[in-house]
Structure formats: C-alpha cells, structure tokens
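Inside the fold
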Amino acid sequence: MTVWPLVRCWAVGVVVLVVTEYLQMTLLYGPLTGPRVGSFGAALALVHLPNLVCVVLATWAAARAHPLPWRELPLRHAVAGCAVPAAAQLLTLSLHWERTGASSLSLWMSTGVLLAGCALGMLLDRWRFLVWTS
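In what follows, the accompanying structure is described. Just so you know, these numbers come straight off a predicted model, no measurement behind them.

Some points on the overall build of the chain
Within the chain, the secondary structure is distributed over five helices and zero strands. Ordered by position from the N terminus, the helices and strands of the chain form the series α-α-α-α-α. Burial status across the chain gives 37% buried among its 134 residues. Partitioning the intrachain contacts of the chain with sequence separation of at least 6 by distance along the chain shows that 72% fall at a separation of at least 24. As presented, the chain carries roughly 8100 Å² of accessible surface, and 77% of it is formed by carbon and sulfur atoms.

Thoughts on the pattern of salt bridges
If charged atoms from side chains of opposite charge come close, those side chains can pair. The tally for this structure, following the rule as stated, stands at two salt bridges. Across the pair Asp 125 and Arg 64 runs a salt bridge whose closest N-O atoms are separated by 3.9 Å. Here Asp 125 is found in helix H5 (residues 105-133), whereas its partner Arg 64 is found in helix H2 (residues 40-64), with 61 residues between them in sequence. Of the charged contacts, one joins Asp 125 and Arg 71 as a salt bridge, the two residues approaching to 2.6 Å between their closest N and O atoms. Of this pair, Asp 125 sits in helix H5 while Arg 71 sits in helix H3 (residues 68-71), and the two are 54 residues apart along the sequence. Residue classification places Arg 71 among the buried residues on the basis of a relative accessible area of 5%. What you see here is one network of salt bridges that share partners, running through Arg 64, Arg 71 and Asp 125.

Structural notes on a nonpolar patch on the surface
A cluster of nonpolar side chains, Val 15, Val 19, Tyr 22, Leu 23 and Leu 27, forms an exposed patch at the surface whose accessible area comes to about 520 Å². Tracing the backbone through its elements, the reader meets Val 15 in helix H1 (residues 4-32).

Some remarks on the side chain of Thr 20
Looking at where Thr 20 falls in the secondary structure, it is placed in helix H1. The class of Thr 20 is buried, set by a relative accessible area of 16%. Sequence-distant contacts of Thr 20, that is, excluding residues within four places in its chain, are made with Cys 54 and Leu 57.

Digging into the nonpolar core
Among the nonpolar cores identified, the biggest contains six residues, and these are Val 55, Ala 63, Cys 82, Leu 114, Cys 118 and Met 122. Counting only elements with at least two residues in this core, the list comes to H2 and H5. Counting residues per element, this core draws most heavily on H5, which supplies three residues. Filtering out sequence-adjacent residues up to four positions away, Ala 63 remains in contact with Arg 71, His 77, Gly 81, Met 122 and Asp 125.

Some points on the environment of Tyr 22
Note on placement: Tyr 22 falls in helix H1. In this structure the C-alpha to C-alpha distance between Tyr 22 and Cys 54, which are 32 residues apart in sequence, comes to 9.8 Å.

Notes on the side chain of Gln 24
Of note, Gln 24 is situated in helix H1. Here Gln 24 falls in the buried class, since its relative accessible area comes to 6%. Residues within four places of Gln 24 in sequence aside, it is in contact with Tyr 29, Leu 46, Val 47, Pro 50, Asn 51 and Cys 54.

Conventions used here
- Residues numbered from 1 in each chain as written.
- Predicted model: local features only at pLDDT ≥ 70, side-chain atom pairs only at ≥ 80, totals over all residues.
- Heavy atoms only, no water.
- Helix = DSSP H or I, 4+ residues; strand = E, 2+ residues; numbered from the N terminus.
- Buried < 20%, exposed > 50% of the residue type's maximum accessible area, 1.4 Å probe, protein only.
- Contact = heavy atoms within 4.5 Å.
- Areas by Shrake-Rupley, 256 points an atom, 1.4 Å probe, with all protein chains shown as cover.
- Salt bridge = Lys/Arg side-chain N within 4 Å of Asp/Glu carboxyl O.
- Patch = residues over 30% accessible without salt bridge, like charges linked within 9 Å, V, L, I, M, F, W, Y side chains within 5 Å.
- Core = buried A, V, L, I, M, F, W, Y, C linked by side-chain atoms within 4.5 Å.

Note that every value here comes from positions in space, so none of it alone points to a role or purpose.
Here you go:
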C-alpha cells in the first residue's frame with residue numbers, strides 16, 4: 001500500500017483550501033467585517049457560509065485527485081478527501097483556543113461547517129464520478 005496517492009490528494013486539498021480561504025479573507029471578510037462580527041446572521045453570512053464553500057471545494061478537489069484503484073475503498077477515499085479540512089480545523093482550534101472554548105458557539109458552528117462541507121464535497125465527487133463513468 002503506497003501513501004503517494006494520498007499525499008497528492010492532500011497537496012491538492014491544501015492548495016485549494018489556502019487559495020479559497022485567502023480569497024475569502026481578502027475579498028469578503030477583511031473589507032466587510034474586520035476582526036469582529038456583530039450578529040449571528042452576519043457571522044453566518046460572512047464567515048460560516050463562505051467557509052462552507054471553501055471546505056466543499058477543498059474536499060471535492062482532493063477527492064477528485066484520488067486515483068481509481070484506491071478510490072473504490074471508502075475509508076481511504078474519505079481520508080483522501082477530508083483530511084485537509086479536518087487538519088485545518090484542528091490547527092485553527094489549537095491556535096485560537098482562547099476564542100473558541102468547548103462551549104463556544106463558533107466552535108460548534110465551525111465543526112458543523114466542517115462536517116457539512118466534507119459530506120457535500122464527497123457527495124459532489126461521487127455524483128460527478130458516477131455521471132462521468134456511466
């Protein structure tokens with residue numbers, strides 16, 4: 001069992017996640033909100049929903065880069081697609097734990113975004129794979 005297909009998937013996922021998050025931070029978050037978001041609706045619209053798009057795109061791109069012999073193994077394919085967003089979530093939480101404690105709403109929202117984004121990215125990959133191979 002070789003690890004290189006996973007490394008390639010993770011590299012693709014990192015590139016897509018970094019580029020989309022950078023675009024989100026420079027074009028949307030920075031100019032419109034700054035360091036503080038006032039209400040729950042603003043946080044949802046300007047932070048969590050754009051993060052959902054970033055996670056979906058990164059998961060989908062990483063899953064698309066996973067080659068066919070290993071693609072049919074569900075657990076390996078899920079690791080190929082979802083490892084980068086999950087690692088990014090853990091990194092963010094470890095760097096900003098003082099702002100996102102265990103009882104923080106932002107922790108639960110970002111975890112929900114991670115789970116939904118990974119699920120949607122994997123479903124999008126599976127749907128596209130089924131459409132293109134049939």
